[in-house]
Amino acid sequence: MNFFFKDSKYSIVRYPTSDNKSLQAWSAADEHLLKYLSDHQALSQHPILYNDRFGFLSTVLSEFNPSTVVNFKSQEKAIELNASKNGVDLKNISKIEPLDTLSKSFDLALIKIPKSLDLFRLQLDQIHQSLNEDATVICSFMTKYFSRKTIEIAEKYFEQCEQTRAWKKSRLLILKKKKKVDPTLHINTVSIDKTKSFKQYFGVFSAKNIDYATQFFATNMDVQTTDNKILDLASGNGVLAHVALSKNPNAEIHLVDDSFLAVESSKINIDSKNAHFYFSDDLSAFQSNTFDLVISNPPFHFEFETNIEIALNLFAEVKRCLKKGGVFQLVTSNHLNLKTHLFKLFHKVKLVAQNDKFVVYHCQ
Ligand SMILES: C[S@@+](CC[C@H](N)C(=O)[O-])C[C@H]1O[C@@H](n2cnc3c(N)ncnc32)[C@H](O)[C@@H]1O
(Lines give C-alpha, C1' and ligand atoms only; values in the text may rest on other atoms or scores of the structure.)
Protein backbone atom coordinates (compact mmCIF):
# COMPACT_ATOMS: atom_id res chain seq x y z
CA MET A 1 0.00 0.00 0.00
CA ASN A 2 1.14 3.54 -0.72
CA PHE A 3 1.58 6.33 1.78
CA PHE A 4 2.54 9.99 1.21
CA PHE A 5 4.69 11.95 3.67
CA LYS A 6 6.43 15.27 3.02
CA ASP A 7 5.88 15.02 -0.76
CA SER A 8 7.36 11.53 -0.98
CA LYS A 9 5.52 8.34 -1.78
CA TYR A 10 6.25 5.15 0.18
CA SER A 11 5.10 1.65 -0.58
CA ILE A 12 4.97 -0.40 2.62
CA VAL A 13 4.13 -4.10 2.80
CA ARG A 14 3.73 -6.66 5.55
CA TYR A 15 6.24 -9.40 6.20
CA PRO A 16 5.21 -12.15 6.29
CA THR A 17 2.55 -11.38 3.70
CA SER A 18 -1.07 -12.19 4.37
CA ASP A 19 -4.04 -13.04 2.15
CA ASN A 20 -6.26 -11.29 4.66
CA LYS A 21 -6.74 -7.83 3.14
CA SER A 22 -7.95 -6.37 6.43
CA LEU A 23 -4.47 -6.85 7.94
CA GLN A 24 -2.40 -3.78 7.12
CA ALA A 25 1.23 -2.73 7.40
CA TRP A 26 0.42 0.35 9.48
CA SER A 27 -2.55 1.83 11.32
CA ALA A 28 -4.22 5.18 11.84
CA ALA A 29 -2.23 5.42 15.09
CA ASP A 30 1.00 5.54 13.02
CA GLU A 31 -0.47 8.15 10.67
CA HIS A 32 -1.66 10.18 13.65
CA LEU A 33 1.86 10.25 14.99
CA LEU A 34 3.30 11.54 11.71
CA LYS A 35 0.53 14.15 11.44
CA TYR A 36 1.31 15.38 14.94
CA LEU A 37 5.04 15.58 14.21
CA SER A 38 4.37 17.60 11.04
CA ASP A 39 1.72 19.87 12.56
CA HIS A 40 3.92 20.67 15.58
CA GLN A 41 7.20 20.69 13.67
CA ALA A 42 8.36 18.28 16.32
CA LEU A 43 10.54 16.04 14.17
CA SER A 44 14.17 16.00 15.13
CA GLN A 45 17.20 13.98 14.09
CA HIS A 46 17.74 10.53 15.63
CA PRO A 47 14.32 9.63 17.03
CA ILE A 48 14.05 6.21 18.67
CA LEU A 49 11.15 3.97 17.59
CA TYR A 50 9.41 1.21 19.50
CA ASN A 51 7.07 -1.49 18.17
CA ASP A 52 7.38 -0.46 14.53
CA ARG A 53 6.19 -3.94 13.53
CA PHE A 54 6.51 -3.71 9.74
CA GLY A 55 9.03 -0.88 9.43
CA PHE A 56 6.51 1.80 8.42
CA LEU A 57 7.98 4.54 10.63
CA SER A 58 11.58 3.35 10.19
CA THR A 59 11.17 3.74 6.42
CA VAL A 60 9.14 6.95 6.30
CA LEU A 61 11.41 8.66 8.86
CA SER A 62 14.66 7.22 7.48
CA GLU A 63 16.03 10.67 6.52
CA PHE A 64 16.03 11.49 10.25
CA ASN A 65 18.32 8.52 11.01
CA PRO A 66 16.04 6.72 13.45
CA SER A 67 17.11 4.03 15.89
CA THR A 68 14.56 1.24 16.00
CA VAL A 69 14.16 -1.35 18.73
CA VAL A 70 13.79 -4.80 17.20
CA ASN A 71 11.64 -7.20 19.23
CA PHE A 72 11.05 -9.81 16.53
CA LYS A 73 13.16 -11.42 13.81
CA SER A 74 10.17 -11.03 11.45
CA GLN A 75 10.10 -7.30 12.33
CA GLU A 76 13.78 -6.98 11.41
CA LYS A 77 13.07 -8.68 8.08
CA ALA A 78 10.06 -6.39 7.46
CA ILE A 79 12.19 -3.31 8.14
CA GLU A 80 14.88 -4.55 5.73
CA LEU A 81 12.27 -5.41 3.09
CA ASN A 82 10.51 -2.05 3.24
CA ALA A 83 13.76 -0.09 3.33
CA SER A 84 14.91 -1.89 0.21
CA LYS A 85 11.52 -1.48 -1.57
CA ASN A 86 11.69 2.26 -0.95
CA GLY A 87 15.35 2.81 -1.83
CA VAL A 88 16.31 3.55 1.78
CA ASP A 89 19.90 2.83 2.76
CA LEU A 90 19.75 0.53 5.80
CA LYS A 91 22.71 2.43 7.25
CA ASN A 92 20.20 5.22 8.01
CA ILE A 93 18.30 2.97 10.42
CA SER A 94 20.14 1.79 13.54
CA LYS A 95 18.89 -1.38 15.17
CA ILE A 96 18.71 -1.71 18.95
CA GLU A 97 17.98 -4.80 21.05
CA PRO A 98 15.21 -4.66 23.68
CA LEU A 99 17.61 -5.26 26.59
CA ASP A 100 20.42 -2.98 25.41
CA THR A 101 21.65 -0.19 27.62
CA LEU A 102 21.42 2.75 25.27
CA SER A 103 24.71 4.45 24.57
CA LYS A 104 23.23 7.56 22.91
CA SER A 105 20.84 10.12 24.34
CA PHE A 106 17.56 10.97 22.61
CA ASP A 107 15.31 14.03 22.25
CA LEU A 108 12.39 12.18 20.73
CA ALA A 109 10.96 8.68 21.30
CA LEU A 110 7.98 7.29 19.38
CA ILE A 111 6.23 4.32 20.96
CA LYS A 112 3.33 2.40 19.48
CA ILE A 113 1.83 1.14 22.73
CA PRO A 114 2.11 -2.68 22.80
CA LYS A 115 -0.65 -5.04 23.96
CA SER A 116 1.53 -6.13 26.86
CA LEU A 117 1.71 -3.21 29.28
CA ASP A 118 4.58 -5.01 31.01
CA LEU A 119 6.48 -4.63 27.75
CA PHE A 120 5.51 -0.93 27.71
CA ARG A 121 7.14 -0.64 31.16
CA LEU A 122 10.28 -2.40 29.99
CA GLN A 123 10.46 -0.04 27.02
CA LEU A 124 9.87 3.10 29.09
CA ASP A 125 12.60 1.96 31.45
CA GLN A 126 15.03 1.45 28.57
CA ILE A 127 14.41 4.83 26.98
CA HIS A 128 13.95 6.78 30.21
CA GLN A 129 17.62 6.35 31.12
CA SER A 130 18.71 7.92 27.85
CA LEU A 131 16.31 10.81 27.34
CA ASN A 132 17.59 14.36 27.43
CA GLU A 133 15.93 16.58 30.05
CA ASP A 134 13.63 18.34 27.55
CA ALA A 135 12.90 15.24 25.47
CA THR A 136 9.41 14.24 24.33
CA VAL A 137 7.97 10.73 24.17
CA ILE A 138 4.98 10.33 21.88
CA CYS A 139 2.94 7.17 22.35
CA SER A 140 0.29 6.18 19.81
CA PHE A 141 -2.62 3.78 20.15
CA MET A 142 -6.02 2.91 18.70
CA THR A 143 -8.64 4.17 21.15
CA LYS A 144 -10.41 0.79 21.34
CA TYR A 145 -7.29 -0.76 22.87
CA PHE A 146 -6.67 1.94 25.44
CA SER A 147 -6.50 1.09 29.11
CA ARG A 148 -6.33 3.49 32.04
CA LYS A 149 -3.34 1.50 33.28
CA THR A 150 -1.28 2.87 30.37
CA ILE A 151 -1.46 6.35 31.88
CA GLU A 152 -0.71 5.04 35.38
CA ILE A 153 2.48 3.45 34.04
CA ALA A 154 3.49 6.56 32.08
CA GLU A 155 2.91 8.75 35.16
CA LYS A 156 5.55 6.76 37.04
CA TYR A 157 8.14 8.00 34.54
CA PHE A 158 6.94 11.50 33.50
CA GLU A 159 5.57 14.62 35.22
CA GLN A 160 3.54 15.61 32.19
CA CYS A 161 1.24 13.05 30.49
CA GLU A 162 -1.27 14.55 28.09
CA GLN A 163 -3.65 12.86 25.69
CA THR A 164 -4.55 14.37 22.34
CA ARG A 165 -8.04 14.33 20.88
CA ALA A 166 -9.05 11.29 18.89
CA TRP A 167 -8.28 11.32 15.14
CA LYS A 168 -9.36 8.40 12.94
CA LYS A 169 -10.14 6.41 16.12
CA SER A 170 -6.57 6.83 17.39
CA ARG A 171 -4.98 9.01 20.05
CA LEU A 172 -1.55 10.07 21.21
CA LEU A 173 -0.17 10.28 24.70
CA ILE A 174 2.50 12.97 24.98
CA LEU A 175 5.01 12.49 27.79
CA LYS A 176 7.41 15.20 28.96
CA LYS A 177 9.59 16.09 31.96
CA LYS A 178 11.03 12.81 33.08
CA LYS A 179 10.91 11.90 36.75
CA LYS A 180 13.76 10.30 38.62
CA VAL A 181 13.20 6.54 38.68
CA ASP A 182 15.44 3.66 39.60
CA PRO A 183 15.84 0.97 36.95
CA THR A 184 13.96 -2.22 37.81
CA LEU A 185 14.37 -5.85 36.84
CA HIS A 186 11.89 -6.79 34.12
CA ILE A 187 11.40 -10.45 34.84
CA ASN A 188 8.31 -12.43 35.90
CA THR A 189 8.42 -15.89 37.44
CA VAL A 190 5.83 -18.53 36.53
CA SER A 191 5.62 -22.12 37.78
CA ILE A 192 4.48 -25.34 36.16
CA ASP A 193 4.43 -27.28 39.43
CA LYS A 194 6.08 -26.98 42.81
CA THR A 195 9.38 -28.29 41.43
CA LYS A 196 10.15 -25.93 38.58
CA SER A 197 9.66 -22.23 37.99
CA PHE A 198 10.44 -20.28 34.83
CA LYS A 199 11.71 -16.76 34.47
CA GLN A 200 10.59 -14.59 31.62
CA TYR A 201 11.22 -11.05 30.52
CA PHE A 202 8.25 -8.70 30.46
CA GLY A 203 6.23 -9.08 27.27
CA VAL A 204 6.92 -12.80 26.77
CA PHE A 205 3.87 -15.04 26.19
CA SER A 206 1.71 -15.87 29.23
CA ALA A 207 3.16 -13.60 31.91
CA LYS A 208 1.03 -14.56 34.91
CA ASN A 209 1.02 -18.35 34.76
CA ILE A 210 2.04 -21.17 32.46
CA ASP A 211 -0.53 -21.09 29.67
CA TYR A 212 -3.36 -23.64 30.11
CA ALA A 213 -2.84 -25.05 26.60
CA THR A 214 0.85 -25.55 27.45
CA GLN A 215 -0.08 -27.31 30.70
CA PHE A 216 -2.51 -29.59 28.86
CA PHE A 217 0.14 -30.39 26.27
CA ALA A 218 2.76 -31.10 28.95
CA THR A 219 0.60 -33.90 30.33
CA ASN A 220 0.01 -35.34 26.84
CA MET A 221 3.47 -35.10 25.33
CA ASP A 222 4.98 -38.40 24.28
CA VAL A 223 8.79 -38.37 24.21
CA GLN A 224 10.66 -41.61 23.49
CA THR A 225 14.29 -42.37 24.38
CA THR A 226 14.81 -42.78 20.61
CA ASP A 227 13.85 -39.11 20.06
CA ASN A 228 17.41 -37.90 19.82
CA LYS A 229 16.83 -34.61 18.04
CA ILE A 230 13.90 -32.51 19.20
CA LEU A 231 12.66 -29.10 18.03
CA ASP A 232 10.54 -26.84 20.25
CA LEU A 233 8.97 -24.55 17.67
CA ALA A 234 7.68 -21.20 19.01
CA SER A 235 9.40 -22.00 22.28
CA GLY A 236 8.51 -18.91 24.38
CA ASN A 237 10.13 -19.20 27.81
CA GLY A 238 11.23 -22.79 27.03
CA VAL A 239 8.67 -24.59 29.18
CA LEU A 240 7.86 -27.29 26.57
CA ALA A 241 11.55 -27.90 25.87
CA HIS A 242 11.97 -28.41 29.63
CA VAL A 243 9.15 -30.99 29.66
CA ALA A 244 10.68 -32.83 26.70
CA LEU A 245 14.14 -32.86 28.32
CA SER A 246 12.68 -34.15 31.59
CA LYS A 247 11.36 -37.16 29.61
CA ASN A 248 14.57 -37.67 27.62
CA PRO A 249 17.53 -35.88 29.26
CA ASN A 250 19.96 -37.10 26.59
CA ALA A 251 18.11 -35.51 23.68
CA GLU A 252 19.57 -32.66 21.69
CA ILE A 253 16.99 -29.90 21.81
CA HIS A 254 16.59 -26.88 19.52
CA LEU A 255 14.42 -23.92 20.54
CA VAL A 256 13.14 -21.44 17.93
CA ASP A 257 11.21 -18.26 18.62
CA ASP A 258 10.53 -15.03 16.71
CA SER A 259 10.68 -12.96 19.90
CA PHE A 260 14.05 -11.74 21.15
CA LEU A 261 12.82 -11.56 24.75
CA ALA A 262 11.39 -15.10 24.54
CA VAL A 263 14.70 -16.52 23.33
CA GLU A 264 16.61 -14.67 26.04
CA SER A 265 14.14 -15.98 28.65
CA SER A 266 14.49 -19.57 27.47
CA LYS A 267 18.28 -19.28 27.78
CA ILE A 268 17.77 -18.56 31.49
CA ASN A 269 15.41 -21.52 31.95
CA ILE A 270 17.07 -24.29 29.94
CA ASP A 271 20.45 -25.08 31.34
CA SER A 272 21.68 -27.91 29.16
CA LYS A 273 24.72 -28.27 26.98
CA ASN A 274 22.45 -30.08 24.52
CA ALA A 275 20.21 -27.03 24.04
CA HIS A 276 20.50 -24.68 21.05
CA PHE A 277 18.66 -21.38 20.77
CA TYR A 278 17.52 -19.57 17.62
CA PHE A 279 16.09 -16.05 17.35
CA SER A 280 14.20 -16.84 14.15
CA ASP A 281 10.74 -16.73 12.56
CA ASP A 282 11.31 -19.78 10.36
CA LEU A 283 13.18 -23.10 10.14
CA SER A 284 15.73 -22.06 7.53
CA ALA A 285 18.55 -22.91 9.96
CA PHE A 286 17.70 -26.61 9.63
CA GLN A 287 18.25 -29.09 6.86
CA SER A 288 15.45 -31.38 5.69
CA ASN A 289 14.98 -34.68 7.58
CA THR A 290 16.59 -33.42 10.80
CA PHE A 291 14.21 -34.04 13.73
CA ASP A 292 12.75 -37.14 15.37
CA LEU A 293 10.22 -35.02 17.21
CA VAL A 294 8.83 -31.49 16.84
CA ILE A 295 6.73 -30.06 19.68
CA SER A 296 4.80 -26.81 19.52
CA ASN A 297 2.19 -24.57 21.04
CA PRO A 298 2.03 -22.54 17.83
CA PRO A 299 1.34 -18.80 17.52
CA PHE A 300 -2.08 -17.58 16.39
CA HIS A 301 -2.20 -14.18 18.13
CA PHE A 302 0.04 -11.27 17.22
CA GLU A 303 -0.55 -8.17 19.31
CA PHE A 304 -4.25 -7.41 18.63
CA GLU A 305 -4.48 -9.60 15.50
CA THR A 306 -5.41 -13.25 15.04
CA ASN A 307 -3.76 -14.92 12.07
CA ILE A 308 -3.61 -18.62 11.21
CA GLU A 309 -1.39 -18.24 8.09
CA ILE A 310 1.89 -17.91 9.99
CA ALA A 311 1.33 -21.17 11.86
CA LEU A 312 0.33 -22.99 8.66
CA ASN A 313 3.54 -21.86 6.95
CA LEU A 314 5.52 -23.10 9.94
CA PHE A 315 3.74 -26.49 9.77
CA ALA A 316 4.85 -26.91 6.15
CA GLU A 317 8.41 -26.22 7.30
CA VAL A 318 8.01 -28.75 10.12
CA LYS A 319 7.07 -31.38 7.55
CA ARG A 320 10.28 -30.64 5.63
CA CYS A 321 12.46 -30.84 8.78
CA LEU A 322 10.98 -34.04 10.24
CA LYS A 323 12.79 -37.32 9.64
CA LYS A 324 10.82 -40.03 7.89
CA GLY A 325 8.73 -41.53 10.68
CA GLY A 326 9.28 -38.46 12.88
CA VAL A 327 6.36 -37.01 14.82
CA PHE A 328 4.96 -33.49 15.10
CA GLN A 329 3.05 -33.00 18.37
CA LEU A 330 1.09 -29.81 18.93
CA VAL A 331 -1.60 -28.26 21.05
CA THR A 332 -4.22 -25.78 19.82
CA SER A 333 -7.57 -24.36 20.81
CA ASN A 334 -10.53 -26.56 19.91
CA HIS A 335 -12.25 -23.82 17.97
CA LEU A 336 -9.40 -23.47 15.45
CA ASN A 337 -10.29 -26.79 13.89
CA LEU A 338 -6.80 -27.42 12.51
CA LYS A 339 -7.31 -31.07 11.58
CA THR A 340 -8.19 -30.34 7.93
CA HIS A 341 -5.06 -28.20 7.54
CA LEU A 342 -2.85 -30.83 9.17
CA PHE A 343 -4.26 -33.60 6.93
CA LYS A 344 -3.10 -31.63 3.88
CA LEU A 345 0.51 -31.97 5.13
CA PHE A 346 0.72 -35.24 7.09
CA HIS A 347 -0.31 -38.81 6.33
CA LYS A 348 -1.40 -39.59 9.85
CA VAL A 349 -3.07 -37.04 12.14
CA LYS A 350 -4.19 -38.45 15.47
CA LEU A 351 -6.19 -36.59 18.08
CA VAL A 352 -4.57 -37.86 21.27
CA ALA A 353 -6.23 -35.70 23.93
CA GLN A 354 -9.00 -33.14 24.15
CA ASN A 355 -10.73 -31.17 26.88
CA ASP A 356 -13.35 -28.43 26.66
CA LYS A 357 -10.76 -25.89 25.42
CA PHE A 358 -7.74 -27.59 23.86
CA VAL A 359 -6.74 -30.44 21.64
CA VAL A 360 -3.41 -32.25 21.21
CA TYR A 361 -2.53 -33.77 17.81
CA HIS A 362 0.26 -36.13 16.87
CA CYS A 363 1.11 -35.97 13.15
CA GLN A 364 3.38 -38.25 11.16
C1 LIG B 1 1.50 -19.66 22.05
S2 LIG B 1 3.13 -19.07 22.37
C3 LIG B 1 3.90 -20.54 22.99
C4 LIG B 1 5.11 -20.28 23.83
C5 LIG B 1 5.63 -21.52 24.64
N6 LIG B 1 5.94 -22.61 23.76
C7 LIG B 1 4.60 -21.94 25.64
O8 LIG B 1 3.92 -22.93 25.43
O9 LIG B 1 4.47 -21.22 26.65
C10 LIG B 1 3.72 -18.86 20.76
C11 LIG B 1 5.14 -18.33 20.60
O12 LIG B 1 5.37 -18.25 19.19
C13 LIG B 1 6.29 -17.21 18.94
N14 LIG B 1 6.24 -16.94 17.49
C15 LIG B 1 5.41 -16.12 16.81
N16 LIG B 1 5.67 -16.18 15.49
C17 LIG B 1 6.68 -17.06 15.34
C18 LIG B 1 7.40 -17.55 14.22
N19 LIG B 1 7.11 -17.15 12.98
N20 LIG B 1 8.40 -18.41 14.42
C21 LIG B 1 8.72 -18.84 15.68
N22 LIG B 1 8.06 -18.39 16.79
C23 LIG B 1 7.05 -17.54 16.61
C24 LIG B 1 5.84 -16.12 19.88
O25 LIG B 1 6.89 -15.20 20.11
C26 LIG B 1 5.46 -16.95 21.13
O27 LIG B 1 6.55 -17.03 22.01
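Only a predicted model underlies this, so the values are computations on that prediction, with no experimental measurement involved. (Residues numbered from 1 in each chain as written. Predicted model: local features only at pLDDT ≥ 70, side-chain atom pairs only at ≥ 80, totals over all residues.)

(A) Layout of the overall build of the protein chain. Looking only at helices and strands, the protein chain has 10 helices and 20 strands in total. By the compact-globule yardstick of 21 Å for 364 residues, the protein chain fits well, its C-alpha radius of gyration being 22 Å. Along the three orthogonal principal directions, the C-alpha set of the protein chain runs to about 65 × 45 × 40 Å. Across the 364 residues in the protein chain, those meeting the buried criterion constitute 41%. Put simply, 66% of the contacts in the protein chain that link residues at least 6 apart link residues at least 24 apart. (Helix = DSSP H or I, 4+ residues; strand = E, 2+ residues; numbered from the N terminus. Rg over C-alpha atoms; globule rule 2.2 N^0.38 Å. Buried ≥ 20, exposed ≤ 12 C-beta atoms within 10 Å, placed from the backbone. Contact = placed C-beta atoms within 7 Å.)

(B) Quick peek at the environment of Asp30. Following the sequence through the fold, Asp30 ends up in helix H1 (residues 28-39). Residue Asp30 is classed as buried on the basis of its C-beta count, with 23 C-beta atoms lying within 10 Å. Considering only alpha carbons, one finds Asp30 and Phe56, 26 residues apart in sequence, at a separation of 8.1 Å. Asp30 has contacts with Phe56, Leu57, Lys112 and Ser140, leaving out every residue within four places of it along the chain.

(C) Layout of unusual backbone geometry. The residue after Tyr15, namely Pro16, is reached through a cis peptide bond having omega -5°. For Lys169, which is not glycine, the phi torsion reads 60° and is therefore positive. Residue placement: Lys169 occurs in the loop between strand E8 (158-163) and strand E9 (170-178). Since 12 C-beta atoms lie within 10 Å of it, Lys169 is described here as exposed. The backbone of Lys177 shows a phi angle near 55°, a positive value even though the residue is not glycine. With respect to the element layout, Lys177 can be found in strand E9. Under the C-beta neighbour-count criterion, Lys177 is labelled partly exposed, with 13 such atoms within 10 Å.

(D) The arrangement of H1 in detail. In a regular helix each residue adds 1.5 Å, so 12 residues correspond to 16 Å; H1 covers 16 Å between its end C-alpha atoms and thus fits that length. Within H1, the full set of buried residues consists of Ala29, Asp30, His32, Leu33, Leu34 and Leu37. Buried residues in H1 make contact with strand E1 (2-5), helix H2 (56-60), strand E6 (106-112), strand E7 (131-142) and E9. Looking one or two residues past H1, Gln41 carries a phi angle of roughly 45°, positive in sign. (Expected span 1.5 Å × (residues − 1).)

(E) Representation of the nonpolar core. The biggest cluster of nonpolar side chains holds 52 residues, and the ones touching the most others in it are Ala109, Leu110, Val137 and Cys139. Sort the elements by how many residues they give to this core and E7 lands first, with six residues. Both domains that meet at this core, namely domain 1 (2-178) and domain 2 (187-363), each give it at least three residues. Listed in part, the 42 residues of the second largest apolar core include Ile253, Ile270, Val318 and Cys363. (Core = buried A, V, L, I, M, F, W, Y, C linked by C-beta atoms within 7 Å. Domains from an automatic or database assignment.)

(F) Broad picture of the domain arrangement of the protein chain. Along its sequence, the protein chain is carved into domain 1 (2-178) and domain 2 (187-363). Put simply, the middle of domain 1 and the middle of domain 2, counted by C-alpha atoms, are 31 Å apart. Facing the 21 residues of domain 1 at the interface are 19 residues of domain 2. Only helix H3 (73-85) and helix H4 (117-128) provide two or more residues apiece to the side of domain 1 that touches domain 2.

(G) Just the sheet that holds E7, in detail. Spatially, E5-E4-E3-E6-E7-E9-E8 is the arrangement adopted by the seven strands of the open sheet, whose pairing is mixed. At either end of the open sheet lies a strand with only one pairing partner, and these are strand E5 (94-96) and E8. For this sheet the average axis-to-axis angle between neighbouring strands, irrespective of direction, equals 20°. Sheet analysis places E6 next to E7, joined by six bridges and oriented parallel. Residue Ile111 lies in a different strand from E7, and its bridge partner there is Cys139. (Pairing = 2+ DSSP bridges. Axes fitted to C-alpha atoms, helices over the stretch in contact; angles between N-to-C directions.)

(H) Region of interest: H3. The end-to-end C-alpha distance of H3, which contains 13 residues, comes to 18 Å, matching closely the 18 Å that a straight helix rising 1.5 Å per residue would cover. Inspection of H3 places Ser74, Gln75, Ala78, Ile79 and Asn82 among the buried residues, and these make up the whole buried set. Taken down its axis, H3 places every buried residue within 140° of arc, on the same side. Where the residues of H3 are buried, they touch H2 and strand E4 (67-69). One or two positions beyond H3, positive phi appears at Gly87, with a value near 65°. (Arc of directions from axis to C-beta.)

(I) Region of interest: the packing of H4 against helix H5 (residues 148-157). Remark: H4 packs on H5, axes separated minimally by 10 Å, with the N-to-C direction vectors making an angle of 20°. Judged by the angle between their axes, H4 and H5 are roughly parallel. Crossing angle aside, the handedness with which H4 passes H5 is right-handed. Only Lys149, Thr150, Ile153 and Tyr157 of H5 make contact with H4, whose side of the interface consists of Leu117, Phe120, Arg121, Leu124 and His128. (Parallel < 35°, antiparallel > 145°, perpendicular 65-115°, else oblique. Left-handed = near helix turned anticlockwise from the far one by under 90°.)

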